[in-house]
Amino acid sequence: MEKIFNTLIDSFIENKVGIAENFLSKSLSLHLKENLTTLYKEKLLKIAGTGNNVNFKQDNLFRNDIIYWLDRKHNDKHENLFFDLMDDFVIFLNKTCYTSITSYEFHYTLYEIGSFYKKHIDQFKSNDSRQFSMIMYLNSEWEENDGGELCIHHKNRIENISPVGGKSVFFKSSELEHEVLISNKLRMSITGWLKS
């Protein structure tokens, strides 16, 4: 895994957006996708909002994805394997980059057909604990006309990242504005933040 961790970190240092393939193994990715699909069929995902507990609001003209928070208390073996992987990555990141990450939070994210998330920054104005944003895509057989790209707004250019299964994305939560373009089919991922 260190090779994949290094790929993610090196591409982040070079471009402010780290990208790595197969951060999640194919097997783990498939099981997590099955979990998310089951949660969706059982209508257990909730409408996402913006802001934290202090100023939380829902606005489906700004964001209309649905989410389900991951938690070790669920005692799901595949989610726990995901958390084990994230523990390893945080240890590696702290050891090699001195980032002082102490915790994280992740949720399943599902964009239904026609869903989107307008341009935003991931760090709250009232709380700067989110240091790095991470997205791990669970989509198989994604094609260009399926839409749903992650659109990163750099200072002098725009970078569109296709949500192809197996791809992981990593960037500073406080620095890069980004959006999710309209998805033309179900778009699935695990999204979260490394915190200090």
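Residues numbered from 1 in each chain as written. Predicted model: local features only at pLDDT ≥ 70, side-chain atom pairs only at ≥ 80, totals over all residues. Heavy atoms only, no water.

**Q** Help me understand the sheet that holds strand β7 (residues 150-153) in this model?
**A** Strand-to-strand pairing in sheets goes through backbone hydrogen bonds, with the strands running parallel or antiparallel. Strand order across the open sheet formed by four strands is β5-β10-β7-β8, with antiparallel pairing between neighbours. Strands at the two margins of the open sheet, each flanked by one partner only, are β5 (117-120) and β8 (158-161). Neighbour to neighbour, the strand axes of the sheet diverge by 15 degrees on average, direction disregarded. Strand direction decides the pairing type here: β7 and strand β10 (residues 177-180), joined by four bridges, are antiparallel. (Pairing = 2+ DSSP bridges. Helix = DSSP H or I, 4+ residues; strand = E, 2+ residues; numbered from the N terminus. Axes fitted to C-alpha atoms, helices over the stretch in contact; angles between N-to-C directions.)

**Q** Would you take a moment to explain the nonpolar core for this structure?
**A** Soluble globular proteins tend to bury their nonpolar side chains together. F23, F82, F89, M134 and L194 are the most contacted members of the largest nonpolar core, which totals 34 residues. The set of elements that each furnish at least two residues to this core consists of α1 (2-15), α2 (26-41), α3 (77-97), β4 (103-111), β6 (130-137) and β11 (187-195). When sequence neighbours within four positions are dropped, the list of residues in contact with F89 reads F5, L8, I9, F23, M134, F170 and L194. If you look at the next biggest cluster of nonpolar residues, it comprises twelve residues, including V17, L150, I161 and L176. (Core = buried A, V, L, I, M, F, W, Y, C linked by side-chain atoms within 4.5 Å. Buried < 20%, exposed > 50% of the residue type's maximum accessible area, 1.4 Å probe, protein only. Contact = heavy atoms within 4.5 Å.)

**Q** Can you walk me through the sheet that holds β11 in this structure?
**A** Strand order across the open sheet formed by seven strands is β1-β9-β6-β11-β4-β3-β2, with antiparallel pairing between neighbours. The outermost strands of the open sheet, each flanked by one partner alone, are β1 (18-21) and β2 (46-47). Pairing analysis gives four bridges linking strand β3 (residues 66-69) to β4, with the strands arranged antiparallel. Considered in β4, the bridge of W69 is made with H107. Here α1 sits on the sheet and contacts β1, β6 and β9 (167-172); the angle it forms with β1, its principal contact strand, is near 150 degrees. Sheet strands in contact with α3 are β4, β6, β9 and β11, and its direction is about 130 degrees off that of β4.

**Q** Where do I start with the packing of aromatic side chains in this structure?
**A** Any two aromatic rings considered together are summarised by their centre-to-centre distance and by the angle between their planes. All chains considered together, the criterion is met by 13 aromatic pairs. Ring geometry for F5 versus F92: centroids 5.5 Å apart, planes at 50 degrees, classification tilted. Note that F5 is positioned in helix α1 and F92 in helix α3, a separation of 87 residues in sequence. For F5, a relative accessible area of 3% corresponds to the buried category. Among the residues examined, F92 registers a relative accessible area of 7% and is labelled buried. Ring centres 5.9 Å apart and planes at 10 degrees place the aromatic pair F83 and Y104 in the stacked group. With F83 in helix α3 and Y104 in strand β4, this residue pair connects regions lying 21 residues apart in the sequence. Assessed through its relative accessible area of 4%, F83 is described here as buried. Through successive ring pairs, a cluster of aromatic residues spans F5, F12, F23, F89, F92, F132 and F170. (Phe/Tyr/Trp six-rings, centres within 6.5 Å; stacked < 30°, edge-to-face > 60°.)

**Q** How should the side chain of D146 be read in this particular structure?
**A** Positionally, D146 belongs in the loop between β6 and β7. Judged by relative accessible area, D146 falls into the buried class, the value being 11%. Engagement of the side chain of D146 in a polar contact is seen with the backbone nitrogen of E143, the distance being 2.7 Å. (Polar contact = N/O pair within 3.5 Å; in protein donor to acceptor, adjacent residues only side chain to side chain.)

**Q** How should I be thinking about the packing of α1 against α3 in this particular structure?
**A** In a pair of packed helices, the angle between the axes and the distance between the axes together describe the arrangement. The N-to-C vectors of α1 and α3 enclose an angle of 60 degrees; their axes lie 11 Å apart at closest approach. The orientation of α1 relative to α3 falls into the category oblique. In terms of crossing hand, the pair formed by α1 and α3 is right-handed. Contacts between α1 and α3 involve E2, F5, N6, L8 and I9 on the former and, on the latter, L85, D88, F89, F92, L93, T96 and C97. Of the residues assigned to the contact of α1 with α3, the class counts are eight nonpolar, two polar and two charged. (Parallel < 35°, antiparallel > 145°, perpendicular 65-115°, else oblique. Left-handed = near helix turned anticlockwise from the far one by under 90°. Nonpolar A, V, L, I, M, F, W, Y, C, P; charged D, E, K, R; others polar.)

**Q** What is the right way to read the pattern of salt bridges from this model?
**A** A side chain of one charge can pair with a side chain of the opposite charge when the charged atoms of the two come close. For the structure on display, the rule yields seven salt bridges. For R130, the salt bridge goes to E105, with nearest N and O atoms at 3.2 Å. A residue pair is termed long-range when its members are at least 10 positions apart, and R130 in strand β6 and E105 in strand β4 qualify at 25 residues. You can call R130 buried: its relative accessible area is 9%. K119 serves as the salt-bridge partner of E177, at 3.9 Å between the closest nitrogen and oxygen. Of this pair, E177 sits in strand β10 while K119 is found in strand β5, placing the two residues 58 residues apart along the sequence. (Salt bridge = Lys/Arg side-chain N within 4 Å of Asp/Glu carboxyl O.)

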